[in-house]
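One letter stands for each residue in the lines below.
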Amino acid sequence: GAPSPVIRGLIEKNVVLDVAKGVAGDLQAVGATTSMTRRGDTFIALDDRAAKGNAFRADLFISIHADSATNRAARGFTIYTPHNPSKGSLAAASAIDRAMRRHGFISRGINRTRHLRVLEQSKGPAVLVETGFLTNVSDAAALNSPAARRRYAKAIAEGIRDYLSSK
């Protein structure tokens, strides 16, 4: 988990675990079965993350992160799909992007130009969500706020529900 250079004590691993737990809770509340690669402060290797999703035979694998950049003006969320995405990955990415926008988050779009191992090794639909930039003052302040983390979780879960209901 990368530390934020603009807010002391703000660390990616803590932010994304909180958001992921919120997403899982929201989905479970509407009857979805969820599985998380981690529930506490443990490191799971990239290959093992995808393997857990594959073993669970998930309808959708979501990897949640917080971004960083040398350009501190960079802000907003980005959604990544595998380099050669399935229709399911693209549909899930689009649904999450729309939901995040509805909740007022700034979108940097859907990107499929990077080869991200956790996505490439997933056997089913897979999406990686970079919630915001730890290096941007505005994004970092949001990522540091429990209320904003709750909004991120709610938006991501809403996008997942939209995707699943359209299948």
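Here the structure is shown first, and the text comes after it.
Residues numbered from 1 in each chain as written. Predicted model: local features only at pLDDT ≥ 70, side-chain atom pairs only at ≥ 80, totals over all residues. Heavy atoms only, no water.

Draft legend 1. Molecular detail of the pairing of strand β2 (residues 77–80). Burial along β2 is two-sided: F77 and I79 facing one way and T78 and Y80 facing the other are all buried. Pairing of β2 with strand β3 (residues 107–111), which is carried by three bridges, proceeds in the parallel orientation. Directly across from I79, in β3, lies its bridge partner I110. Where β2 lies against strand β4 (residues 126–133), three bridges are found, and the strand directions are antiparallel. Counterpart to I79 in the pairing with β4 is V129. (Buried < 20%, exposed > 50% of the residue type's maximum accessible area, 1.4 Å probe, protein only. Helix = DSSP H or I, 4+ residues; strand = E, 2+ residues; numbered from the N terminus. Pairing = 2+ DSSP bridges.)

Draft legend 2. Geometry of the sheet that holds β2. Taking strand neighbours across the sheet as the criterion, the four strands line up as β1-β4-β2-β3 in an open arrangement whose pairing is mixed. The sheet is open, and its two borders are formed by β1 (61–67) and β3, each paired with just one other strand. Taking the axes of each pair of neighbouring strands and ignoring which way they run, one obtains an average angle of 15° across the sheet. (Axes fitted to C-alpha atoms, helices over the stretch in contact; angles between N-to-C directions.)

Draft legend 3. Examining the nonpolar core more closely. Counting 34 residues, the largest nonpolar core has V23, I96, M100, V127 and I156 as its most contacted members. Of all the secondary structure elements, the ones that give two or more residues to this core are α1 (12–29), β1, β2, α3 (87–102), β4, α5 (137–143) and α6 (146–166). The dominant element in this core, judged by the number of residues it contributes, is α1, at eight residues. Once residues within four sequence positions are removed from consideration, I96 is found in contact with I62, I79, V127, V129, I156, G159 and I160. A50, L116, A126 and L128 belong to the second largest nonpolar core, which has eight residues in total. (Core = buried A, V, L, I, M, F, W, Y, C linked by side-chain atoms within 4.5 Å. Contact = heavy atoms within 4.5 Å.)

Draft legend 4. Just the side chain of E158, in detail. Summarising the element assignment, E158 is placed in helix α6. Residue classification places E158 among the buried positions, given a relative accessible area of 16%. A polar atom in the side chain of E158 sits 2.7 Å from the side chain of R102. Here E158 is in contact with A99, R102 and H103, once residues within four sequence places are set aside. (Polar contact = N/O pair within 3.5 Å; in protein donor to acceptor, adjacent residues only side chain to side chain.)

Draft legend 5. Seen up close, the pattern of salt bridges. Under the defined criterion, the tally for this structure stands at eight salt bridges. Among the ionic pairs, D41 bridges to K13, the shortest N-O distance being 3.0 Å. Here D41, found in the loop between α1 and α2 (46–56), pairs with K13, found in helix α1; they are 28 residues apart in sequence, far enough to count as distant. Here D41 falls in the exposed class, since its relative accessible area comes to 59%. Between D26 and R150 there is a salt bridge, with the nearest N and O atoms lying 2.6 Å from each other. (Salt bridge = Lys/Arg side-chain N within 4 Å of Asp/Glu carboxyl O.)

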